[in-house]
Amino acid sequence: MRVFKPKYRDRKGRMQEAAKWYVELRDGYERIRRIPAFTSKAASEECGRKLEQLVGYHRSSGGQTDPALMVWLEGLPLSMRKKLVEIGLVDSRRFAAAKPLADHLEDFHRMLLDKGNTAKHARTVKGRAERAFTACGFKFYSDIDATALAEHLADLRKDGQDAEGNVKQGTARQTSNFILGSCQQFCRWMLKHHRAHENPLTHLSKLNVRQDRRHDRRALTADELRRLLESAETGPELFGMAGPERKLCYRLAAESGLRASELHSLTRASFAFDAKPPTVMVQAGYSKHRREATLPLRPDTAAELATFLAGKHPGAPAFTMPESDDTAKMIRADLEAAGIEYIDAAGRFADFHALRHSFITNLANGGVHPKTAQALARHSTITLTMDRYSHSLRGQQADALDALPDLSAPSAQSARATGTDNAQAVQDAPGCPRTSEPTPRRADGPSGNASDVDKGESVLASCLALSGGFHGARVDADGREDKDARQSVTPCKHGENIGKSGRSDTPGGVSEWSKEAVLKTAVRVTVPWVRIPPPPFPPAPGRLVVAGRRSPVAGSQ
């Protein structure tokens, strides 16, 4: 390798020296190549060393380009890059910098079509990226700069003024994300097909579109849908569609969730009215997720469609729908005729795609399982189905609050303390306030059982315990007195629990029982209203004897 400045004769025959230095070296086929470098000799010598490294890797790898030199190659002038591609040191398919960006975009557009995307989608994606690159001044792939693109998108989102001085709203965040997504998709394609070694836009993030929603749809109510169908059926012809045809088209969209483009692709053969249930099929080429979809139909809707399509050829379009822009104008006219607002107070739109929102929302309101709704909507994730398309009405949200507990009611502890928990206190029982006069025992009662007592004689077992009424008494599971048990009770012995806590303060009285014992015996029983005399000896402190058993007491009340 050597670096030199060639000499030449000008028009007057004088010897002149070239402005640039040249690098002379042998390529992989041992042919001598002279490549123009730079005006600086040091930069030209450094370029010569890089070219020698490039030739060595190209010879040893069988024609491959050294990945370590890709960044350096993309920084070379265009003329030098084209020269390297021309002499074969760099593969033109792998080295994107030697090809204009517009040519790569054309190849990208053809790739989208070859993958099965619709012509409209391929044209839209390519157009977004092309307009952004042109506005930023990018002519080659090496010119793409993330900072410049981010500044361009920020300028698009800013509000401005039109020619008449009116305020012009900037681009929405959703649109800005679409432009960035198209540019990033193009760069990923370049990297995947080995036309570039890196993606310069990989670190750019999309914006939160929730902070700047411009065209949110809403779900039409059932009454609004009925009014829309009635208005369309009796309305005049709009954009080549008669009123009854528009009614069936709207109804099919609201009951199947089909998009406008999918409805436009349907033919007479797309419907299977003899199937159980009747179905409609959308071909993969017209479905958004590029998969064939077969959706069920309601029997009544299928019957009307069968009558409407009876005289059509199997390959004939099912509906004579206009183009997308005219479709939006058509449903807007029908909404206006039906007295339905196109934009509600919240700024949400009721366009043709709102029929799909209505379909999914009605499924959710009808109690359909979320996974079933996702399958009918043909969404990739359940989040998209429930968050974007399922709209909760304000009335439903208010009704949902009825499931919450009533916090204005008193607590259980407060009810027990105030005696409002349907309990009746016992007369003369220490610590139990009297709430009503006791009902005297009936004179004609044949026995002392609870069946001979009025309902007013019902008392709390806890109050009976405080009044000494549980001493030597037992009740069965129904709250009735057990005579056999009374006879079999063994009275407690005097001095059995002397020295333990809970001793009575007065001779012949009752102990102050703990709250734990009272709560454990808090069951409603019905016993005769009689005064049971206290035992000849005070109950043992700290123990509660009920039906011959000792119940431990945690402590004094």
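Now for a quick tour of the structure. No experiment lies behind these values; they were computed from the predicted model shown.

### Brief notes about the overall build of the protein chain
Check the secondary structure of the protein chain and you find 20 helices and 14 strands. When each of the 557 residues of the protein chain is scored for burial, the buried share is 38%. Of all intrachain contacts in the protein chain linking residues separated by at least 6 positions in sequence, the fraction that spans at least 24 positions is 59%.

### Re the sheet that holds strand S9 (residues 279-282)
Pairing within the open sheet is antiparallel, and its three strands lie in the order S8-S9-S10. In the strand order of this sheet, the two ends are held by strand S8 (271-272) and strand S10 (293-296), each with one partner.

### Notes on the pairing of S9
In this structure, S8 lies alongside S9, joined through two bridges in antiparallel fashion. Looking at S9, one finds that Ala272 is bridged to Thr279. Between S8 and the antiparallel strand that follows it, S9, lie six residues. As paired elements, S9 and S10 share four bridges and run antiparallel to each other. Counterpart to Thr279 in the pairing with S10 is Pro296.

### Examining the pattern of salt bridges
Enumeration according to the criterion identifies 26 salt bridges in this entry. Ionic pairing is found between Arg298 and Asp300, a salt bridge with its closest N-O pair at 3.5 Å. Among the charged side chains, a salt-bridge network with shared partners connects Glu233, Lys247, Arg251, Glu255, Arg298, Asp300 and Glu304.

### Description of the packing of aromatic side chains
In total, this model carries 11 aromatic pairs according to the counting rule given. Plain terms: the ring middles of Tyr342 and Phe349 are 5.6 Å apart, the flat faces sit at 80° to each other, and that makes the pair edge-to-face. Each member of the pair, Tyr342 together with Phe349, is buried. Through successive ring pairs, a cluster of aromatic residues spans Phe108, Phe133, Phe138, Tyr141, Phe186 and Trp189.

### Observations regarding the packing of helix H8 (residues 222-234) against helix H12 (residues 324-337)
Running from amino to carboxyl end, H8 crosses H12 at an angle of 105°, the nearest separation of the two axes being 8 Å. Here H8 lies roughly perpendicular to H12, going by the angle between them. Contacts between H8 and H12 involve Leu228, Ser231 and Ala232 from the former and Asp334, Leu335 and Ala337 from the latter. In terms of residue class, the contact of H8 with H12 is built from four nonpolar, one polar and one charged.

### Describing unusual backbone geometry
Geometrically, the link from Lys276 to Pro277 is a cis peptide bond, its omega value of 0° lying close to zero. Positive phi, normally seen in glycine, also occurs at Phe239, with a value near 50°. Its location among the elements puts Phe239 in the loop between H8 and helix H9 (243-256). A positive phi angle, close to 60°, is found at Arg378, a residue other than glycine. With respect to the helices and strands, the residue Arg378 is situated in the loop between helix H14 (370-377) and helix H15 (382-389). On the basis of relative accessibility, which here comes to 11%, the residue Arg378 falls in the buried class.

Parameters and conventions
Residues numbered from 1 in each chain as written. Predicted model: local features only at pLDDT ≥ 70, side-chain atom pairs only at ≥ 80, totals over all residues. Heavy atoms only, no water. Helix = DSSP H or I, 4+ residues; strand = E, 2+ residues; numbered from the N terminus. Buried < 20%, exposed > 50% of the residue type's maximum accessible area, 1.4 Å probe, protein only. Contact = heavy atoms within 4.5 Å. Pairing = 2+ DSSP bridges. Salt bridge = Lys/Arg side-chain N within 4 Å of Asp/Glu carboxyl O. Phe/Tyr/Trp six-rings, centres within 6.5 Å; stacked < 30°, edge-to-face > 60°. Axes fitted to C-alpha atoms, helices over the stretch in contact; angles between N-to-C directions. Parallel < 35°, antiparallel > 145°, perpendicular 65-115°, else oblique. Nonpolar A, V, L, I, M, F, W, Y, C, P; charged D, E, K, R; others polar.

Take it as geometry only, folks, not as evidence of what the structure does.
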